[in-house]
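Structural overview for review
This is what each chain is made of:
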Amino acid sequence: MEETLVEAPRKLDDAVRLSDRHALRYRGDFPILDRKVHGKPLVYLDNSATSQKPRVVLDALDDYYTRMNANVHRGLHTLSEEATNAYEDARERVARFVNSPARNLIFVRNTTEGINLVASAWGRKNVKAGDEILLSVMEHHSNIVPWQMLARETGAVLRYFDIREDGSLDLDQADQLITEKTRIVSIAHMSNVLGTVNSIEAIVDRARDAGALVFVDAAQSVPHMPVDVARLGCDFLTFSGHKMCGPTGIGGLYGREELLEAMDPYMGGGSMIDEVRLDGFSCADVPEKFEAGTPNIAHAIVFGVVVDYLSDIGMEQIHTHERALTDYTIGRLEEIDGLTVYGHAPGRGGAVSFNLDNMHPSDLSTVLDRQGVAIRAGHHCAQPLMRRLGTPYGATARASVYFYNTSEEIDIMIAAIHKARHLFGA
């Protein structure tokens, strides 16, 4: 990497050296990592927002449109049959990636749509006035607002887990919060702000005793660690393709089959029907029941390529790499006077939020961008959590790593933060 603000070489421990070697195997797969920003090599540390795309994904997208572009489930000609087979084959591969039966995996646009689908199609049928919906203060807005909308419509009550000082979920509250009134617990597997990885199994055990369902927002976990829906024991789980090297506009929703069968359709139209009469209609089987209209065919097919690519690397290897690099990142940040890192839960993931005294996160992000370093600044769609943390300006800066990031890139970010401190006198 070209000379920039990086310091003299640092002594790295074995875990970080192995992490760097792992990253260097795959960086060449990502064309965008070769570009420059403001004349500096790109250091991309905004992976919690969206990840970069490898050449195999870009090629697969081009291949679909140049070789088999056609609608699915609707034609007997060769292109339509090829597209349909590729679409359903991708469903099989994506489902297998989270250890779900293919029938239980619905293609959605993203995690947000997955949550809205269940809040609407399951919630309207099963939640009534006085019932309780349990969330946490660390949730992304996408796992708060749909449930608020449902509560407003039905008269249900929202309750929230709090967090401990280290950013972990306060599970000591479970007996108080999960009661016979609880209909569903909807919780993030990993926080996009604190990096906290929540114990879904423990929540599922307590919810089962109370007769409640568990929905898992896995937007930040499925891209970064092995996730097995059978092992978690959850009732629903959703994730986004664009955060795991895939294209935007495609994601997956897992649901237990008996729940999906009992739910009403989320939208009406083509593909989700068995028969339509002037006086009514009957639904197609799951999962087509929830995939009205022409789906995002190309990106669904490419999603199958994505999970194969990640599986070839190995999700356990990705997780190990990120744990080492996250520890290194936090250690380097905490060397800086006046800098606060949020979230120190054991086993945390690679989203690292921080603030520098007397400096707005947006100003810090702007200075880093001029040095080629891409981080996130803002409330990260988690305003209740910002208030709970008492963050200055209601915001933080956030660096988030993936398997193609290296310790050298972290060092470049650290040097850029020192430059920002000098410029702003922080």
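It should be emphasised that the depicted structure is a prediction, and the values quoted were computed from it without experimental measurement.

**Considering the environment of His 77**
With respect to the helices and strands, His 77 occurs in the loop between helix 2 (55-67) and helix 3 (78-97). Between the C-alpha atoms of His 77 and Asp 63, which are 14 residues apart in sequence, the distance is 19 Å.

**A short note on helix 8 (residues 200-210)**
Residues separated by three or four positions in an α-helix point in the same direction, a consequence of the helix having 3.6 residues per turn. Residues of helix 8 that are buried: Ile 200, Ile 203, Val 204 and Ala 207. The buried residues of helix 8 all sit within an arc of 100° when viewed along its axis, so they share a single face. Of the exposed residues in helix 8, those oriented more than 90 degrees away from the buried face are Asp 205 and Asp 209. Elements in contact with the buried residues of helix 8: strand 7 (182-188), strand 8 (213-217) and helix 9 (229-232).

**Some words on the sheet that holds strand 4 (residues 105-108)**
One open sheet accounts for seven strands, arranged 4-10-9-8-7-5-6; its pairing is mixed. The open sheet has two free edges, formed respectively by strand 4 and strand 6 (157-161), since each of these has just one partner strand. Neighbour-to-neighbour, the strand axes of the sheet open up by a mean angle of 20°, direction not taken into account. Across the sheet, helix 3 touches strand 4 and strand 9 (236-240), and the angle it forms with strand 4 is around 115°.

**A few points about the pattern of salt bridges**
Inspection of every chain in the model, using the stated rule, returns 28 salt bridges. For the salt bridge of Asp 175 with Arg 206, the shortest nitrogen-to-oxygen distance reads 2.8 Å. Of the two residues, Asp 175 sits in helix 7 (residues 174-177) while Arg 206 sits in helix 8, which places them 31 residues apart along the sequence. We classify Asp 175 as exposed; its relative accessible area is 58%. Owing to a relative accessible area of 21%, Arg 206 belongs among the partly exposed residues under this scheme. Where Arg 256 meets Glu 258, a salt bridge forms, and the shortest distance between an N and an O atom there is 2.2 Å. Look at Glu 258 and you get partly exposed, because its relative accessible area is 47%. Residues joined in a network through salt bridges with shared partners are Arg 208, Asp 235, Arg 256 and Glu 258.

**Section: the side chain of Asp 20**
Position of Asp 20 relative to the elements: it lies in helix 1 (residues 14-26). For the buried Asp 20, which has no salt bridge, the nearest side chain bearing the opposite charge is Arg 17, at an N-O separation of 8.3 Å. Ignoring sequence-local partners within four residues, the contact set of Asp 20 consists of Leu 12, Thr 406 and Ser 407.

What counts and what doesn't
Residues numbered from 1 in each chain as written. Predicted model: local features only at pLDDT ≥ 70, side-chain atom pairs only at ≥ 80, totals over all residues. Heavy atoms only, no water. Helix = DSSP H or I, 4+ residues; strand = E, 2+ residues; numbered from the N terminus. Buried < 20%, exposed > 50% of the residue type's maximum accessible area, 1.4 Å probe, protein only. Arc of directions from axis to C-beta. Contact = heavy atoms within 4.5 Å. Pairing = 2+ DSSP bridges. Axes fitted to C-alpha atoms, helices over the stretch in contact; angles between N-to-C directions. Salt bridge = Lys/Arg side-chain N within 4 Å of Asp/Glu carboxyl O. Lys, Arg positive; Asp, Glu negative; His and termini not counted.

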